[in-house]
Every structure is written in structure tokens, then in C-alpha cells.
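Examining the three-dimensional arrangement
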Amino acid sequence: MITVEQAEKLILANAGDYGNEIISFDGSLGRVLAETIKSDRDLPPFNRVSMDGIAIKYEAFANGQRTFTIKATQAAGDTPIDIDTQNECVEIMTGAALPESLDTVVRYEDITIEDEKATVVLNELRKGQNLHLQGADRKKGDIVLTPGRLITPAVLNMLASVGEVEVRVKRKPRVVILSSGNELVEADKTPSPFQIRRSNNYMVRAVLDQLGIDAAMLHLPDEPTVIKQTLQQCLYNFDVLLLSGGISMGKFDYIPEVLNELRVEQIFHKVQQRPGKPFWFGKQAEGPVVFAFPGNPVATFMCVQRYFVPWLNKTLSVDERTSKYAVLDRDLKFEPELKYFLQVQLTSSAEGVLLAMPVEGNGSGDFANLADTDAFMELPLEKKEFKKGEVYKIWQFNIL
Ligand SMILES: Nc1nc2c(c(=O)[nH]1)N[C@H]1C(S)=C(S)[C@@H](COP(=O)(O)OP(=O)(O)OC[C@H]3O[C@@H](n4cnc5c(N)ncnc54)[C@H](O)[C@@H]3O)O[C@H]1N2
Ligand code: MOO
């Protein structure tokens, strides 16, 4: 049986690349940029007034002048209006381009206006105050975004600002989620006393939704010929198959065998971990990758977070994120020779420390417990006793 680290390595070694596509920036939220974006102008593109008020020549103020004749009013977007003498000022709005003949802006709060004259009521001004100078943020031609950037709301703002209305992004893999097992009925059906509603496939699809990936969803009955037929079509139509259930030792656990018949090479089966020990991973030569997760919902979810999400990030060349860590908030023992992914609730202390309180529940079938927790804490295999105050890596699935 391989370790979590070996499994991770093998999975990442099989990251794909589905190329790039060009889409409208407007629909690019959550996508991954596949080009370098340069600014087409200085940012800001002109000396931008940052407060509503009047623009004056500082020299006049320094020489004792306090009252200025308002020559004109300049709105944002207007062509700058220059003064003729230093006795004059221009009433000017936030976002307007500062006229060349002026260098300082005084806010409305710091002036009085009477008979088309503005009087500064402050005794001190800083030359150049209330201005956001041309090129202060970025210069024309500067790189503002690099490939691998996840397109967030602020990145979208940047794309719009520099006029990049068509952007090259990474193409997403085509994914299908397959549940399996004759005990499962649809969520809107009433199960017999010994059946259950299928749920983990919806949970997996929800994770993909959060990652901006659309996925198809299918169900496999415990019937080898149907499984084979359906999987064959999926291997033809999709880049990634995410299966759950039917992979351990049960008499009706046909999936690994059928995948083998369909020439999907098993890269590993079983990982030294809890939950998720029976996890199976494989790939068809020049074809799709197959993640076959154990059916228990907590195991499925853990494997999606711990293995599929990093695979997807590598596949899409997303800029690497730093790992997250938290402080264990209670002593704990775990004896088996398995790496334990402990379910924890996260809170942030007043000192700014992320605390992880274990909420263990009743194993990998206890999805009620899963719904009450925020992250898996990855505890090292070498240890059996874990103490309050120790720091370990977490895989956070709920945003606090
Ligand atoms: N003899 C052994 N038995 C089992 C072992 C083992 O090593 N030796 N491993 C156990 C572990 S650990 C797990 S986890 C499970 C995984 O088994 P499968 O992947 O074959 O999954 P199933 O048996 O099909 O289902 C397990 C469990 O999960 C429920 N399930 C399945 N799919 C869904 C779904 N879409 N929505 C909700 N619930 C689902 C299913 O009804 C079962 O209760 O095997 C142990 N056995
Ligand atoms: O994978 Mo199992 O999750 O250890 O019950």
C-alpha cells in the first residue's frame, strides 16, 4: 500500500493539459489566465484628482494667497482647463485630469466659496496633495498579470481597465461524475427501508461548481455489463472520470476489474490513509484519467479535496497557493498505521491564530458530522499521539 505522499506524487505526475481558449473577459471569473497582460496606458493615465474641491498653484498659497477666483468648473472626463494667473483656481472633481498650470488640490471641506471666489481655510497645505499621479501604480507596457493567475473580481477589474476584452484562458477538462451501487436511489425518491438516497455525487459536483467546472452526472448499477458499456462511453467522451463506490473488497465491487478490461491502467489501488483507504487511480494511455473514490461520503470528499483539487490546479497551471496550517485545539490519539485526516471545526482566536477543534464523528459513513466541520487536518503517519497546541496542515473546505 502506498503512502499519501506517493499517491499525491503519482496523481500530480498525471496532470493533463487541455490547451487554451479565448473568451470574453466578462465571462472569465474563476478561469485561469494563460497569457501575459500588459498595461496599454500609464495607471493612472493622467494626474488624477482624488478629492472634490479646487485645484490651485501651490506657489501662490506659499506666498500667502488664500482667496482664489474660480475660473471654471472641471468635471471628470473634461479636457483640463488651465488658469491664466495664479490668483485663479479651477473647481475640480474626483477623477478629473489635473491641468498643467495647477499642482495642488484643496478639498471642499477645507474651503469656503462666496461670489465665485474660493478661500482656503487651512494654514498649511502639502504641495501636490490630493493627487494620484500619472503612472504611480504601473507604467504603460508594464506587466500587470501573468499566466496562471486565477481570474478573481479584482483581476477582472484590471482586465477591463486595460481594455483586454478577449482573454486567453486555460481550457477546462470535461468531467463526468459517476455514482455506483444498487442501494442508491435518487434524492427525490423515497428509499426502501434498506436503501439510501445518493448524495456524494452531488457533493462532488458542488465542489466542481465552486471550481468553475461543469460536470455531467451518471449512475452505475452493480451490473458489470452495464458498468462496462457506460464507462466505455465515458472514456470516449470525457477527460476525467470521477467515480465513487464499488472499489473495495465487496462481491459487487466490479469497478477496478471493469476499468482493467477497458485498458485503463491502474496506477495505484489503496492508500495508507483514513478515510479513503480503498482509493483507486488510473489512466488510459493517451486518454482520460480515472479517480475511483471510496463510496463512503467522508472518504469521497476527503479524496476530492486532497487529490483531485491539486490535480486540477496543476492541470490548469494555477499559481501555486501556500498550504494552510492550524493549531490543534485538543489532545488526540490515533493508533492505526494510517495517515489520519481528522475532521475539525475552525475558529480564529483573538490573537489571530487559526484553531482546529476535532469533531471525529462515526467514521467515513458519518456525513452528518462532515456537515458540521470545516476542514480535514492531515496528521503525520509517524505519530500516534497528538497534543493540543501542535500545528498541522489543513485542507479547508468551508470558507469561514
Ligand atoms: N473487507 C473490506 N471491506 C471494506 C474495506 C476493506 O478494506 N476491506 N474498506 C472499507 C472502506 S475503508 C471503505 S471507505 C468502503 C469503500 O467501499 P466502496 O468504495 O466499494 O464503496 P461502496 O461499498 O459502494 O459504498 C460504501 C458506502 O458508501 C455508500 N455510498 C456509496 N455511494 C454513495 C453515494 N453516491 N451517495 C451516498 N452514499 C454512497 C454506500 O451505500 C455504502 O454505505 O469499503 C469498506 N469495506
Ligand atoms: O475509506 Mo474508509 O473511508 O476508511 O471507511
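Residues numbered from 1 in each chain as written. Chains lettered and ligands numbered in written order. Predicted model: local features only at pLDDT ≥ 70, side-chain atom pairs only at ≥ 80, totals over all residues.

It is worth spelling out the overall build of the protein at this point. From N to C terminus, the protein includes eight helices and 28 strands. Whereas a compact globule of 400 residues would reach a radius of gyration of roughly 21 Å, the protein reaches 30 Å, over 25% beyond that. On the principal axes, the C-alpha backbone points of the protein span a range of 95 × 50 × 40 Å. Counting the 400 residues in the protein, one finds 34% classified as buried. If you take every contact in the protein between residues at least 6 apart in sequence, the share linking residues at least 24 apart comes to 70%. (Helix = DSSP H or I, 4+ residues; strand = E, 2+ residues; numbered from the N terminus. Rg over C-alpha atoms; globule rule 2.2 N^0.38 Å. Buried ≥ 20, exposed ≤ 12 C-beta atoms within 10 Å, placed from the backbone. Contact = placed C-beta atoms within 7 Å.)

Before going further, it helps to examine the sheet that holds strand β17 (residues 240–244). Strand order across the open sheet formed by six strands is β16-β13-β17-β21-β20-β18, with mixed pairing between neighbours. Since the sheet does not close on itself, it has two edges, and those belong to β16 (215–220) and β18 (264–269), each with one partner. Within the sheet, the average angular offset between the axes of one strand and its neighbour, ignoring direction, is 20°. Sheet topology note: the strand β20 (residues 280–284)/strand β21 (residues 289–293) ladder contains four bridges and is antiparallel. When the sheet's bridge partners are listed, Lys-283 is paired in β21 with Val-289. The strands that helix α4 (residues 200–210) touches are β13 (175–180), β16 and β17; relative to β13, the one it contacts most, it runs at about 160°. In the packing of helix α7 (residues 297–315) onto the sheet, contacts are made with β17 and β21, and the angle to β21 comes to roughly 145°. (Pairing = 2+ DSSP bridges. Axes fitted to C-alpha atoms, helices over the stretch in contact; angles between N-to-C directions.)

Grouped together as the largest cluster of nonpolar side chains are 70 residues, with contacts concentrated most on Leu-241, Leu-242, Leu-243, Phe-291 and Met-377. In terms of residue count, α7 provides more of this core than any other element does, ten residues in total. Excluding anything up to four places from it in sequence, Leu-242 contacts Val-175, Ile-177, Leu-178, Val-204, Phe-291 and Phe-308. Within the second largest apolar cluster, 19 residues are counted, among which are Ile-54, Ala-55, Ile-56 and Ile-111. (Core = buried A, V, L, I, M, F, W, Y, C linked by C-beta atoms within 7 Å.)

Taken together, Arg-274, Pro-275, Gly-276, Lys-277, Pro-278, Pro-294, Asn-296, Ala-299, Gly-363 and Ser-364 make up all the residues around ligand 2. Looking at side-chain class alone, the shell around ligand 2 contains four nonpolar, four polar and two charged residues. (Near = placed C-beta within 6 Å. Nonpolar A, V, L, I, M, F, W, Y, C, P; charged D, E, K, R; others polar.)

Turning to the packing of α4 against α7, a few remarks are in order. Where α4 contacts α7, the axes come no closer than 10 Å and their chain directions differ by 20°. Our classification of the angle between α4 and α7 gives roughly parallel. Two packed elements cross with a definite hand, and for α4 against α7 that hand is right-handed. Taking contact as the criterion, the partners of Asn-200, Met-203, Val-204 and Val-207 in α4 are, on α7, Pro-297, Thr-300, Phe-301 and Val-304. (Parallel < 35°, antiparallel > 145°, perpendicular 65-115°, else oblique. Left-handed = near helix turned anticlockwise from the far one by under 90°.)

Taken together, the neighbourhood of ligand 1 is formed by 27 residues, with Ser-179, Gly-245, Ser-248, Pro-294 and Gly-295 sitting nearest. Those elements that place two or more of their residues in the shell around ligand 1 are α4 and α7. Here the residues of the shell around ligand 1 sort into nine nonpolar, 14 polar and four charged.

This next bit is on the UniProt feature "domain: MoaB/Mog" (unreviewed entry) in the protein. As annotated by UniProt and renumbered to match this structure, "domain: MoaB/Mog" (unreviewed entry) occupies residues 176–315. Secondary structure content for residues 176–315 is 36% helix and 27% strand, and the end C-alpha separation is 16 Å. (UniProt positions renumbered as here; feature names shortened; annotations may be inferred.)

Following the sequence through the fold, Phe-46 ends up in the loop between β2 (37–38) and β3 (48–49). Looking at Phe-46, the number of C-beta atoms within 10 Å reads 16, which means it is partly exposed. Residues Phe-46 and Glu-382, spaced 336 residues apart in sequence, show a C-alpha to C-alpha distance of 60 Å. Apart from residues no more than four positions distant in its own chain, Phe-46 is found in contact with Ala-97 and Gln-134.

Of the two faces of strand β9 (residues 117–120), the one holding Ala-118 and Val-120 is buried and the one holding Lys-117 and Thr-119 is not buried anywhere. One ladder, built from three bridges, connects strand β5 (residues 67–74) with β9; its direction is antiparallel. Following the sheet pairing, Thr-67 is matched in β9 by Thr-119. Pairing of strand β8 (residues 111–114) with β9, which is carried by four bridges, proceeds in the antiparallel orientation. Following the sheet pairing, Ile-111 is matched in β9 by Val-120.

So, on to the sheet that holds strand β6 (residues 88–92). Spatially, six strands are ordered β7-β4-β6-β5-β9-β8 in an open sheet, and the strand pairing comes out mixed. Sheet topology places β7 (104–107) and β8 at the edges, where each strand pairs with a single neighbour. Going across the sheet, the axis of each strand differs from the next one's by a mean of 40°, ignoring polarity.

The subject of this paragraph is the environment of Lys-172. Here Lys-172 shows up in the loop between β12 (166–170) and β13. Between the C-alpha atom of Lys-172 and that of Asp-17, which follows or precedes it by 155 residues, the distance is 8.8 Å.

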